[in-house]
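Observations on the model geometry
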Amino acid sequence: MAPLNVFLLGAVVLACALAAFFFLRFWRNTADRLFAGFAVAFALLAIHWTLVALTAPSDEHRPLFYLIRLAAFVTVLLAIVDKNRHGS
């Protein structure tokens, strides 16, 4: 993989990790489960992009990493549904 691609993937990992910490801080201040769900989702995305950056493009297990990404999106959906069902 080209060095620029690895650098950009590292920037994406950093952005996801920062977003996770951002939402974690809001969850600690408000105890709102929506923020906890978003923090977990962004942490999962950071893990996903880290694994993608560390593997070769031809690695046969690489498509399985997208299950982590799916779990992140499902976590977001569940957090939103939970927020709408239980209210503020």
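Below: a short report on this structure. What you see is a predicted model, and the numbers here were worked out from it, not measured in a lab.

A surface patch of nonpolar side chains, amounting to about 480 Å² of accessible area, comprises L64, L67, L70, V74 and L78. Inspection of the secondary structure puts L70 in helix α3 (residues 66–86). We classify L70 as partly exposed; its relative accessible area is 49%.

Attention now goes to helix α2 (residues 33–54). Here α2 spans 32 Å end to end across 22 residues, near enough to the 32 Å set by a 1.5 Å rise per residue. Burial in α2 covers these residues: L34, G37, F38, A39, A41, L45, A46, H48, W49 and V52. Those residues of α2 hidden inside the fold are in contact with α1 (3–30) and α3.

Contact geometry of α1 with α2 gives a least axis separation of 8 Å together with a crossing angle of 160°. Classified by the angle their axes make, α1 and α2 are roughly antiparallel. Taken as a pair, α1 and α2 cross one another with a handedness that is left-handed. For the contact of α1 with α2, the per-class residue count stands at 22 nonpolar, two polar and one charged.

This part is about the nonpolar core. Among the nonpolar cores identified, the biggest contains ten residues, and these are L9, V13, C16, A41, L45, A46, W49, V52, F65 and A72. Counting only elements with at least two residues in this core, the list comes to α1 and α2. Looking at which element gives the most residues to this core, the answer is α2, with five residues. Among all residues touching A72, those that are not within four sequence positions of it are A41, L44 and L45. Of all hydrophobic cores here, the second largest spans five residues; its members include F23, L34, F38 and A79.

How each quantity is defined
Residues numbered from 1 in each chain as written. Predicted model: local features only at pLDDT ≥ 70, side-chain atom pairs only at ≥ 80, totals over all residues. Heavy atoms only, no water. Patch = residues over 30% accessible without salt bridge, like charges linked within 9 Å, V, L, I, M, F, W, Y side chains within 5 Å. Areas by Shrake-Rupley, 256 points an atom, 1.4 Å probe, with all protein chains shown as cover. Salt bridge = Lys/Arg side-chain N within 4 Å of Asp/Glu carboxyl O. Helix = DSSP H or I, 4+ residues; strand = E, 2+ residues; numbered from the N terminus. Buried < 20%, exposed > 50% of the residue type's maximum accessible area, 1.4 Å probe, protein only. Expected span 1.5 Å × (residues − 1). Contact = heavy atoms within 4.5 Å. Axes fitted to C-alpha atoms, helices over the stretch in contact; angles between N-to-C directions. Parallel < 35°, antiparallel > 145°, perpendicular 65-115°, else oblique. Left-handed = near helix turned anticlockwise from the far one by under 90°. Nonpolar A, V, L, I, M, F, W, Y, C, P; charged D, E, K, R; others polar. Core = buried A, V, L, I, M, F, W, Y, C linked by side-chain atoms within 4.5 Å.

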